[in-house]
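# Architecture and fold: a report
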Amino acid sequence: MATTDRQATTLALAHALSAAERGLAVIPLSRSKLPALRSPHRDDPVPSPCHGACGRLGHGVYDASSDPDRIRELFAAAPWATGYGIACGLPPHHLIGLDLDVKTGTDSSAALRELALRHLFTIPPTVVVVTPSGGRHLWLSGPPEAVVPNSAGRLAPGIDIRGAGGYLVGPGSRTDQGVYAAAPGSAHLAPAPCPRSLLRLLLPPPRTHHPVPAAAGGHGQGLVQFVLAAHEGQRNTRLFWAACRAYEDGIGPALVAPLVDAALHTGLSEREARTTIASAARMTGHRP
């Protein structure tokens, strides 16, 4: 490993341990911003929805810990890590991240201001992390009972939400795009409470429950649960795999609504979910 990479790994571990002192659970990240440890189930004939019960490392955000010894173990297993991710939705902060993007050609900051004016809330002083592209991550703290899903562009164009099952790239991380850094004057702050009116926008609206048809049997329920267990970075992959299995087993049409509902729960949009399922249908020789 190059000296610069060793230095980046050492710095990332130091920053991760510092974040853990604030009660934040972390995982090592590679330069691509993905979890540095690969899944131990990647070569299984049937991918497992395991969240770490097997006792091995490599379960993404489910490996996240604020225990210093555990963090050192994670980084020792991934000496190529140059950054760290901070798990959202976990106590004590129940972190919610507002990712204000600048790469989509939209003014995400203006969109957030417009939402604030329309729904009568203000973002209190809080931790702000500046991304290499010039975007910003705003850290907010949610109430324990609120499970905020991950979403992309649902709140407003250019604004992504990192909630339960997601993570934020921590300040001090070095990626292929550059270094993430805390905005001046914000590093010492704790995540501010999320304004109630904003929280209402972040929570998913009540949806009609689509029970798995009896004709689909237990296998259909297992495929739905497989999709529900997805976290960011694998949602489309899991949905596509489950839909392919459903069509191959002759229960594809019956599982469309339950699979869409499960995908919405993970943070995908209905359009994304239906497009993925339609692709699975075509791949297996069926009409969507």
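Just above sits the structure.
Residues numbered from 1 in each chain as written. Predicted model: local features only at pLDDT ≥ 70, side-chain atom pairs only at ≥ 80, totals over all residues. Heavy atoms only, no water.

### Here's the deal with the overall build of the protein chain
For clarity, the threshold we go by: Helix and strand labels come from DSSP, where a helix needs a run of H or I of at least four residues and a strand needs a run of E of at least two; each type is numbered from the N terminus. In this treatment the radius of gyration is a C-alpha quantity, and the globule benchmark scales as 2.2 Å times the residue count to the 0.38 power. Here the term buried applies to any residue with accessible area under 20% of the maximum for its type, exposed to any over 50%, and partly exposed to those in between, with areas from a 1.4 Å probe on protein chains only. We call two residues in contact whenever any of their non-hydrogen atoms come within 4.5 Å of each other. Each accessible area is a Shrake-Rupley estimate made with a 1.4 Å probe; only the visible protein chains count as cover when residues are assessed. Neither His nor the chain ends contribute to the count of charged residues, in which Lys and Arg are positive and Asp and Glu negative. Positions of charges follow a simple convention, taking NZ of Lys, CZ of Arg, CG of Asp or CD of Glu.
Looking only at helices and strands, the protein chain features eight helices and 10 strands. For the protein chain, the C-alpha radius of gyration of 20 Å lies close to 19 Å, the compact-globule estimate for 288 residues. Dimensions of the protein chain along its principal axes, counting C-alpha atoms only, are 60 × 50 × 35 Å. Here the protein chain, with 288 residues, has 47% of them falling under the buried criterion. Taking all contacts inside the protein chain whose residues are at least 6 apart in sequence as the whole, residues at least 24 apart take part in 73%. As presented, the protein chain carries roughly 13,900 Å² of accessible surface, and 56% of it is formed by carbon and sulfur atoms. Taking the average place of the 26 positive charges on the side chains of the protein chain and the average place of its 21 negative ones, the gap between the two points comes to 4 Å.

### Some points on the nonpolar core
To keep things clear, this is the line we draw: In these notes, a set of buried Ala, Val, Leu, Ile, Met, Phe, Trp, Tyr and Cys residues joined through side-chain atoms within 4.5 Å is what counts as a nonpolar core.
One finds Val26, Ile71, Phe75, Tyr84, Ile86 and Trp139 to be the most contacted residues of the largest nonpolar core, which totals 32 residues. In terms of residue count, the dominant contributor to this core is helix H1 (residues 3–21) (five residues). One finds Leu223, Phe226, Leu264 and Ala280 within the second-largest nonpolar core, a separate group that totals 24 residues.

### Things to note about the pattern of salt bridges
To keep things clear, this is the line we draw: What counts as a salt bridge is simple: a side-chain nitrogen of Lys or Arg found within 4 Å of a carboxyl oxygen of Asp or Glu.
According to the stated counting rule, one finds six salt bridges in the structure shown. Here Asp99 and Arg162 are joined by a salt bridge, their closest N and O atoms 3.7 Å apart. Here Asp99, found in strand S3 (residues 95–100), pairs with Arg162, found in strand S7 (residues 159–162); they are 63 residues apart in sequence, far enough to count as distant. An identical accessibility class is assigned to Asp99 and Arg162; each is buried. For Glu248, the salt bridge is made with Arg245, and the minimal N-O distance between the two is 2.9 Å. Remark: Arg245 and Glu248 occur in helix H6 (residues 235–248); sequence separation between them is three residues, near one turn of the helix.

### Some details on the side chain of Thr126
Note on placement: Thr126 falls in the loop between helix H3 (108–119) and strand S4 (128–130). Among the residues examined, Thr126 registers a relative accessible area of 5% and is labelled buried.

### With respect to the packing of helix H7 (residues 252–266) against helix H8 (residues 270–283)
For clarity, the cut-off: The angle between two axes is taken between their N-to-C directions and runs from 0 to 180 degrees, where each axis is a line fitted to C-alpha atoms and a helix contributes only its stretch in contact. In this scheme, roughly parallel covers angles under 35 degrees and roughly antiparallel covers those over 145, while 65 to 115 is roughly perpendicular and the rest are oblique. For any pair of crossing helices, the crossing counts as left-handed if the nearer helix is rotated counterclockwise from the farther one by less than a right angle, and right-handed if it is rotated clockwise. Charged means Asp, Glu, Lys or Arg here, nonpolar means Ala, Val, Leu, Ile, Met, Phe, Trp, Tyr, Cys or Pro, and polar covers whatever is left, Gly included.
Running from N to C, H7 and H8 cross one another at 135 degrees; their axes reach a closest spacing of 9 Å. In terms of orientation, H7 lies oblique with respect to H8. In the crossing of H7 with H8, the sense of the turn from one axis to the other is right-handed. The segment H7 lies against H8, with Val256, Leu259, Val260, Ala263 and Leu264 engaging Glu270, Ala273, Arg274 and Ile277. Across the contact of H7 with H8, the residue classes tally to seven nonpolar, no polar and two charged.

### Considerations on the side chain of Ser108
Put simply, the test is: Here a polar contact is taken to be a pair of N or O atoms separated by no more than 3.5 Å, where protein atoms must pair a possible hydrogen donor with a possible acceptor and residues adjacent in sequence count only if both atoms sit in side chains.
For Ser108, the position within the fold is in helix H3. The class of Ser108 is buried, set by a relative accessible area of 3%. Only 2.7 Å separates the side chain of Ser108 from the backbone oxygen of Asp101, close enough to count as a polar contact. Those residues in contact with Ser108 that sit more than four places away from it in its chain are Leu100, Asp101, Pro157, Gly158 and Ile159.

### Quick notes on the environment of Gly134
Note that Gly134 resides in the loop between S4 and strand S5 (136–141). Among the residues examined, Gly134 registers a relative accessible area of 43% and is labelled partly exposed. The spatial distance from the C-alpha of Gly134 to the C-alpha of Arg196 is 28 Å, given a sequence separation of 62 residues.

### Notes on the pairing of strand S2 (residues 83–87)
As a reminder, the rule being used: Note on pairing: two strands pair once DSSP finds at least 2 bridges between them.
The buried fraction of S2 is high, at five of five residues. Residue alternation in S2 divides its side chains into two sets, Gly83, Gly85 and Ala87 and Tyr84 and Ile86, and both sets are buried. Across four bridges, the pairing between strand S1 (residues 26–29) and S2 is antiparallel. Bridge assignment links Pro28 to a residue of S2, and that residue is Tyr84. By the bridge criterion, three bridges tie S2 to strand S8 (residues 167–169) in an arrangement that is antiparallel. Its bridge partner being in S8, Ile86 is matched across the sheet by Leu168.

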